[in-house]
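Observations on the three-dimensional arrangement
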Amino acid sequence: MKLYKTKTAVVVEFEDEFYECPKAVFGALIQRDDLFKTLLSYCVPEHRIDNDLEVLLKQVLPPIDQQEVWAAGVTYYRSKTARMEESKDSGGSSFYDRVYEAARPELFFKSTAARVVGHQALVRIRKDSQWSVPEPELTLLISPNKKIIGYTVGNDMSARDIEGENPLYLPQAKSYTGAAALGPCVLVLEQPISKTTQIAMIIYRNETTVFEGTTKVENIKRSLESLVAYLFAEMEFPQGCFLMTGTGIVPDDTFTLQSQDRIEITIDGIGTLINTVA
Ligand code: DO4
Ligand code: MG
C-alpha cells in the first residue's frame, strides 16, 4: 500500500482504492513499527474517498515530517567507478575504491526535513558548480526502533566537480538548498522490498531525452539492513529517519544538468518522482 501526505489529508492507496485517514498525524504515523497494520485499519468503506491518482499527485507534499535525511554512498559498482574518475586529479580516488570494499559503509548527512522538496517541486544545481547530476536512490523510511517500515524515491542531487576537487568538500557537494527530493509517496509493505525492483531515471531537456538509465536494487553491494545497522550504531533517531541507499545510475562524464531539465525517477511499486531543475 502507498501512503501520501497532502496539504489537507493523509491518504492511503490500497488495491486501487483510496482511503483518508481521519485525524491521523502524518509525522506520528511514519514512526510506527506496525505501519502496515495501522494503515490497513483505515482501509474500510467508511474512509473510502473518490480520488484520482493524477489529482492526488498534484497535491502531494514530500512524505516527511521532522526526520533527518541521511545517505549512503558508493554502494553500487557504477558509483565507485564514477567517483574514482571524477576525483582522479585530486588524488582522492583510492578512497572510493577502499570504501566500496570496506565493512563500514560511507554514510553522510544529506538534509533536514525542511529542505526536502517533493514531487513536481524544483530541485537546484549550485551556482558554483559546472558539473551536477541527479542521483536516483531507493530511500528507506526507518522507525526509531531501526525497523525499515517504508520505501520512497529519492534524488540525491550532487555537484560532481566540487566533490571531485576534494572529497572533503562532500558536504558542500551534497547539501544545499534544493539538493534533496523525496516522493511521491511511501510504499509500505508487509515484507522487504524485492531485490529485483528496478530503479529508472530519464532526464528530459526541451522534451527530448538527454539521459536514460536503469539499475536494480540487487546491484547494491550491501544489504539494506547493514546500512541501517551502521547508521543507528551510535546514533538515536527519536522520530526515525530516511536513508538514501546510494546511486547505481550515473550519466557519462560529459553530462551535466541544466536549468529547466526535467528529472523523472521511477522505482517499481513506488511510483515516479518528477522534479525540474530551477
Ligand atoms: O562519495 C560520495 C557520494 C556517493 C553517493 O552519493 C552515492 O553513491 O550515491
Ligand atoms: Mg548518492
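The rules behind each value
One numbering rule holds for all chains: residues counted from 1, following each sequence as written. Working convention: letters from A go to chains and numbers from 1 go to ligands, in the order in which they are written. Per-residue local features of the predicted model are confined to residues with pLDDT of at least 70, and side-chain atom pairs are confined, for both listing and counting, to 80 or more; whole-chain, interface and lining totals are unaffected and use all residues. Helical segments are the DSSP runs of H or I of at least four residues, strand segments are the runs of E of at least two, and each set is numbered from the N terminus. Based on C-alpha atoms, the radius of gyration is set beside the globule rule, defined as 2.2 Å times the residue count to the power 0.38. Each residue is classified by how many other C-beta atoms fall within 10 Å of its C-beta atom, where C-beta atoms are placed from the backbone; a count of 20 or more means buried, 12 or fewer means exposed, and values in between mean partly exposed. What counts as a contact here is a pair of residues whose C-beta atoms, placed from the backbone, lie within 7 Å. Placing a C-beta atom from the backbone of each residue, we mark the residue near a molecule or strand if the atom is within 6 Å of it. Each residue gets one label: Ala, Val, Leu, Ile, Met, Phe, Trp, Tyr, Cys and Pro are nonpolar, Asp, Glu, Lys and Arg are charged, and the others, such as Gly, are polar. Domain segmentation is taken from an automatic or database assignment of domains. Helix axes use the C-alpha atoms of the stretch in contact, all axes being lines fitted to C-alpha atoms, and the angles between their N-to-C directions lie in the range 0 to 180 degrees. Our angle categories are set so that under 35 degrees counts as roughly parallel, over 145 as roughly antiparallel, 65 to 115 as roughly perpendicular, and the remainder as oblique. It is the rotation of the near helix from the far one that decides the hand of a crossing: anticlockwise by less than a right angle makes it left-handed, clockwise makes it right-handed. Only when DSSP finds a minimum of two bridges between them are two strands counted as paired. Note on terminology: a nonpolar core is a set of buried residues of type Ala, Val, Leu, Ile, Met, Phe, Trp, Tyr or Cys, with members joined through C-beta atoms within 7 Å. Confidence scores labelled pLDDT are given residue by residue by the predictor and lie between 0 and 100.

**Some points on the overall build of the protein chain**
Helix and strand counts for the protein chain stand at 8 helices and 17 strands. What you see for the protein chain is a C-alpha radius of gyration of 18 Å, in line with the 19 Å of a compact globule of 278 residues. Reported as C-alpha extents along the three principal axes, the dimensions of the protein chain are approximately 60 × 45 × 30 Å. For the protein chain, the proportion of its 278 residues judged to be buried stands at 43%. For the protein chain, the proportion of contacts with a sequence separation of at least 24, taken over those separated by at least 6, is 76%.

**Digging into the site of ligand 1**
The immediate surroundings of ligand 1 are formed by 13 residues, with Gly 73, Ser 79, Glu 135, Gly 246 and Thr 247 found nearest. Counting residues per element, the ones that place at least two in the shell around ligand 1 are β5 (68-73) and α4 (77-86). Tallied by class, the residues present in the shell around ligand 1 amount to 3 nonpolar, 5 polar and 5 charged.

**Quick notes on the domain arrangement of the protein chain**
Taken domain by domain, the protein chain consists of domain 1 (2-59) and domain 2 (68-277). Spacing between the C-alpha centres of domain 1 and domain 2 amounts to 26 Å. Counting residues at the interface gives 11 residues for domain 1 and 17 residues for domain 2. Only β1 (2-5) and α2 (35-42) provide two or more residues apiece to the side of domain 1 that touches domain 2.

**Points about the packing of α4 against helix α5 (residues 93-101)**
Close contact between α4 and α5 brings their axes to 7 Å; oriented N to C, the two are set at 165°. On the basis of the axis angle, α4 is roughly antiparallel to α5. You can see that α4 and α5 cross each other, and the crossing is right-handed. Of the residues in α5, those in contact with Lys 80, Arg 83 and Met 84 of α4 are Ser 93, Tyr 96, Asp 97 and Tyr 100. A class-by-class count of the residues in the contact of α4 with α5 yields 3 nonpolar, 1 polar and 3 charged.

**Section: the sheet that holds strand β4 (residues 48-49)**
Each strand in a sheet pairs with another by means of backbone hydrogen bonds, the pair being arranged parallel or else antiparallel. One open sheet holds the 10 strands; their spatial order is β4-β3-β2-β1-β12-β10-β9-β15-β5-β6, and the pairing between them is mixed. Unpaired on one side and paired on the other, β4 and β6 (106-111) mark the two borders of the sheet. Where strand β2 (residues 10-14) lies against strand β3 (residues 17-20), 4 bridges are found, and the strand directions are antiparallel. Across the sheet, residue Phe 14 finds its bridge partner in β3, namely Glu 17.

**Let's talk about the pairing of β5**
Counting buried positions over the 6 residues of β5 gives 5, a clear majority of the element. With 4 bridges connecting them, β5 and strand β15 (residues 241-244) associate as parallel partners. Bridging across to β15, Val 69 finds its partner in Phe 242.

**Some remarks on the environment of Pro 62**
Among the structural elements, Pro 62 can be located in the loop between α3 (53-59) and β5. Residues Pro 62 and Gln 120, 58 residues apart in the sequence, show an inter-C-alpha distance of 9.9 Å. If near-sequence neighbours (up to four positions away) are discounted, Pro 62 is found in contact with Val 116, Val 117, Gly 118, Leu 182 and Gly 183.

**A word on the pairing of β15**
Where burial is concerned, the two faces of β15 agree: the one with Cys 241 and Leu 243 and the one with Phe 242 and Met 244 are both buried. With 4 bridges joining them, strand β9 (residues 136-142) and β15 adopt antiparallel strand pairing. Bridged to Leu 141 within β15 is Phe 242.

**Considering the nonpolar core**
Residues Val 12, Leu 140, Leu 141, Val 186, Val 188, Phe 242 and Leu 243 are the most contacted members of the largest nonpolar core, which totals 67 residues. Counting residues per element, this core draws most heavily on strand β12 (residues 180-187), which supplies 6 residues. A domain-level breakdown of this core finds at least three residues from each of domain 1 (2-59) and domain 2 (68-277). Aside from chain neighbours lying at most four places away, what touches Val 186 is Lys 2, Leu 3, Ile 30, Pro 63, Leu 141, Gly 150, Tyr 151 and Thr 152.

**Some thoughts on the confidence of the model for the protein chain**
Counting all residues, the mean pLDDT for the protein chain is 97, and 100% of those residues have values of 70 or more. Considering each helix and strand of the protein chain separately, the mean pLDDT is smallest for α4, with a value of 88, and largest for β15, with 99.

**Quick look at unusual backbone geometry**
Excluding glycine, residues mostly have negative phi values, and the peptide bonds linking residues are mostly trans. Cis rather than trans, the peptide bond between Gly 183 and Pro 184 has omega equal to 0°. Here Pro 184 lies in strand β12. The backbone of Asp 16 shows a phi angle near 65°, a positive value even though the residue is not glycine. By the secondary structure assignment, Asp 16 is in the loop between β2 and β3.

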